[in-house]
Amino acid sequence: MHSHRPFDTPLPSKNWLNELKRNPLSYQVLNSKTFINKKIKLADWTCFLHHDHYLSKHELMRVVKRQRRHTPRTRISTASMELTVHIDSHAYERWTERISPCPSLSLLRIRLHQLLHLGRITLSPKGWGFIDQDILFGYKIIDHKLIIQTFLGRVSLVPALNNYKAVRRFISTQHDRLDLTIAPHVLRQQHPPLIPKERVQFSGNRNRYVLEEFAFTLPNGRLSTLFLLETIKEYNSSFQLIDPTNPHGPKLFRSVLYFLLEQGYQEFVLEHVLFHKQEAFLTAFNKRLAEGELKHIV
């Protein structure tokens, strides 16, 4: 009879970790309610065909953090998904002068429509809106069409745009003659608002979650993945980056671990649980091991 030696705590070597990964019993233990929550409710799952994947891992982490860093503004609400986005050549030219390079008007329209679906476009009742609380634009709504008339710029690059009411008054009297053009070398460094590969909304016993999967390019040209997790607790929310190659990050809730487990990230979830709940996992593993060997003897 082949028997396995019980694992002690703390885990002493990588060899034992590799042995745990190869042992099917590890994943039986992992599937218990002590470590994951299978009672999740899926609310929405959206895949985006035109997603971004050209950045490196370091660049992606920097841009994603910056997009979520801006403080929500008062008296401004998320644009309705029932709207359709329309822009003309004037608005497109202002984007390319003040926001970031963009190959064509049609690609910009697609990106804006996806941002609308992601809830990242907010509107004020005064005819001004923001993308990611940073990119300021003027608009009007006619027959369920969100018609973007101009882009003023990024608040992060032009802090004066924070006082957009004064800017609006100036433009209305000067007929858009305010020089908000960004220097070419600065403009080339700007990235458009990034679109994830997928976005999933689900809930557990207490919290709601929004998990966005972003793709990035490795030095060898292959694609890899980084997740942005938003955890919503009543009226508060927090953001956290999840790197599937680094299971030693901040502790994740059991509902999130279950979703990642179902998506094929078994080794990540196993190592994450061992890092945060090592003693509990190895105790459960050794108990299952002992019960299995006892049944074999009987």
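Residues numbered from 1 in each chain as written. Predicted model: local features only at pLDDT ≥ 70, side-chain atom pairs only at ≥ 80, totals over all residues. Heavy atoms only, no water.

Trainee: Help me out: how do you make sense of the packing of helix α8 (residues 254-262) against helix α9 (residues 266-276) in this one?
Mentor: Each packed pair of helices is defined by two parameters, the angle between the axes and the distance between the axes. The N-to-C vectors of α8 and α9 enclose an angle of 150 degrees; their axes lie 7 Å apart at closest approach. For the element pair α8 / α9, the angle class is roughly antiparallel. Where α8 abuts α9, its residues L257, L260 and L261 lie against Q266, F268, V269, H272 and V273. Looking at the contact of α8 with α9 residue by residue, the class counts come to six nonpolar, two polar and no charged. (Axes fitted to C-alpha atoms, helices over the stretch in contact; angles between N-to-C directions. Helix = DSSP H or I, 4+ residues; strand = E, 2+ residues; numbered from the N terminus. Parallel < 35°, antiparallel > 145°, perpendicular 65-115°, else oblique. Contact = heavy atoms within 4.5 Å. Nonpolar A, V, L, I, M, F, W, Y, C, P; charged D, E, K, R; others polar.)

Trainee: Explain the packing of aromatic side chains here, please?
Mentor: The final tally for this structure, using the stated rule, is 10 aromatic pairs. Seen in terms of ring centroids, F227 and Y265 are 5.6 Å apart; in terms of plane orientation they differ by 85 degrees. Their pairing is edge-to-face. Of this pair, F227 sits in strand β10 (residues 223-233) while Y265 sits in the loop between α8 and α9, and the two are 38 residues apart along the sequence. Here Y265 falls in the partly exposed class, since its relative accessible area comes to 22%. In this structure an aromatic cluster arises from ring pairing among W45, F202, Y209, F253 and F259. (Phe/Tyr/Trp six-rings, centres within 6.5 Å; stacked < 30°, edge-to-face > 60°. Buried < 20%, exposed > 50% of the residue type's maximum accessible area, 1.4 Å probe, protein only.)

Trainee: Looking at this model, I keep getting lost on the sheet that holds strand β3 (residues 84-87). Mind explaining?
Mentor: Strand pairs in the sheet, formed through backbone hydrogen bonds, run parallel or antiparallel to each other. With mixed pairing, six strands are arranged side by side in an open sheet as β2-β4-β5-β6-β7-β3. Across the chains shown, the open sheet's two edge strands, defined by having one partner strand only, are β2 (77-78) and β3. Where helix α4 (residues 89-98) meets the sheet, its contacts fall on β3, β5 (128-131), β6 (135-142) and β7 (145-154), and the angle it forms with β7 comes to roughly 25 degrees. The strands that helix α5 (residues 105-117) touches are β3, β4 (121-123), β5 and β7; relative to β3, the one it contacts most, it runs at about 150 degrees. (Pairing = 2+ DSSP bridges.)

Just distances and angles here, no functional claims.
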